[in-house]
Structures are given as C-alpha cells and as structure tokens.
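If you want the building blocks of each chain, they are given just below.
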Amino acid sequence: DNNNGGSPIYSIGTVQDISDLKLAKERAEESDRLKSSFLANMSHEIRTPMNAVIGFTDLMLMDDTTQISKDHRDYLEIIRNSGKLLLTLINDILDLSKVEAGQLELVIKPFCLSEILRTVESNAQAILARKGRQKMVELITTSAV
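Treat the numbers as computed from the prediction; the structure is a model and nothing was measured.

Chemist: Tell me about the overall build of the protein chain, and name the residues and values.
Modeler: A count of helices and strands for the protein chain gives three helices and zero strands. For the protein chain, the α and β elements follow one another from N to C terminus as α-α-α. The long-range fraction of contacts in the protein chain, counting pairs at least 24 apart against all pairs at least 6 apart in sequence, stands at 48%. As presented, the protein chain carries roughly 12400 Å² of accessible surface, and 57% of it is formed by carbon and sulfur atoms.

And the structure:
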C-alpha cells in the first residue's frame, strides 16, 4: 500500500544470514587453490624423475658399445614403456584439473596407432609375466595399401 504521497507505508521481506554460505564459498575456493597447487607440485616432482628414467632407459637401449642380452633389452623396453604410460597418466590428471578450471586447450595432432598398440601389448605381456601366465596377447598388423 502507498500513502497519498506515493511512498510506501510498509514493506514485506525476508532477512537471511548468509555468513555460513560465504564461509563455505571461501573454504571451497581455498580448497580449489590448494588442489591446483598440489597438482602443479606433483607434476614437477613426479615428471622430472620419470623423464630421467625414460631418458636413461633410451640411452641404454641406444648404446651399441654395451652388450645387453635380449632379456635385459626386453626389460628395458618394459621400463621405458611403463614410464611413458605413467607420464601419460600424470599428464591426463593435470589435463582434468585444467578442464575443471576451464583452461584446457584442445590440440589435434596425428599419432601412430600401431605404436600405441605395441605399447599396450608390451605392458600386457609384462603384467601377464608377473602373474606367471603365458603370452596371451599378440599384436597383428597389416599394411595399408
């Protein structure tokens, strides 16, 4: 209702204490900041030694002056492939955090499917060998014409 002058006589409304909501929002933002900091730190702390393992494994595999048995060469390939797999997993975790933050940029690039499949085969062979099972995985490739 208005009085004759057009100004309100009374008003109806609600009052709500939102200090709990503000506190929850601040805690969530702090948690998100800590998660981002942890992921960035984890990235550096794990990727650096993993790149060293992969790099030294590559050097050992490329060194023609050292006699490496076939079995040891196979073990080195498993180490290298497993290291690359772990590095990919770490990068995927970091990409997920970028997706959450809306910072992920899509990069389309060619890849070699047969190389990926060989890596899967090698990792599967290693897992089966640890479990005492025979070779049950074999990659069959054909050439495209």
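Let us keep going from here.
Chemist: How would you sum up helix α1 (residues 19-62)? Please name residues and give values.
Modeler: Since the α-helix turns once every 3.6 residues, residues separated by three or four places project in the same direction. Compared with the 64 Å implied by 1.5 Å per residue over 44 residues, the 63 Å span of α1 between its first and last C-alpha is a close match. Every buried residue of α1 is accounted for by Leu-39, Met-42, Ser-43, Met-50, Ile-54, Thr-57 and Leu-61.

Chemist: Tell me about the pattern of salt bridges, residues and numbers included.
Modeler: Scanning the model with the defined rule gives five salt bridges in all. Measuring nitrogen to oxygen at the nearest pair gives 3.1 Å for the salt bridge that ties Arg-80 to Asp-58. Taken together, the positions of Arg-80 in helix α2 (residues 70-101) and Asp-58 in helix α1 put the pair 22 residues apart, joining distant regions of the chain. On the accessibility criterion, Asp-58 (22% relative accessible area) is partly exposed. Across the salt bridge formed by Asp-74 and Lys-70, the nearest N and O atoms sit 3.1 Å from each other. In this pair, Asp-74 and Lys-70 both sit in helix α2, four residues apart, roughly one turn of the helix. Through salt bridges with shared partners, one network takes in Asp-58, Glu-77 and Arg-80.

Chemist: I'd like a rundown of the side chain of Arg-80, residues and numbers included.
Modeler: Using a relative accessible area of 18% as the deciding quantity, one classes Arg-80 as buried. For Arg-80, the residues in contact, after removing those within four places along its chain, are Ile-54, Thr-57, Asp-58 and Leu-61.

Chemist: Describe in detail a nonpolar patch on the surface, supporting the description with residues and values.
Modeler: A grouping of Phe-111, Leu-113, Ile-116, Leu-117 and Val-120 is seen on the molecular surface, where their side chains present a nonpolar patch of about 490 Å² in accessible area. Structurally, Leu-117 can be placed in helix α3 (residues 113-130).

Chemist: Please set out α3 residue by residue, giving values where relevant.
Modeler: For α3, built from 18 residues, the straight-helix expectation of 26 Å at 1.5 Å per residue is met to within 8% by its first-to-last C-alpha distance of 26 Å. After α3 finishes, the residue Gly-132 shows a positive phi value of roughly 75 degrees.

Procedures and definitions
Residues numbered from 1 in each chain as written. Predicted model: local features only at pLDDT ≥ 70, side-chain atom pairs only at ≥ 80, totals over all residues. Heavy atoms only, no water. Helix = DSSP H or I, 4+ residues; strand = E, 2+ residues; numbered from the N terminus. Contact = heavy atoms within 4.5 Å. Areas by Shrake-Rupley, 256 points an atom, 1.4 Å probe, with all protein chains shown as cover. Expected span 1.5 Å × (residues − 1). Buried < 20%, exposed > 50% of the residue type's maximum accessible area, 1.4 Å probe, protein only. Salt bridge = Lys/Arg side-chain N within 4 Å of Asp/Glu carboxyl O. Patch = residues over 30% accessible without salt bridge, like charges linked within 9 Å, V, L, I, M, F, W, Y side chains within 5 Å.

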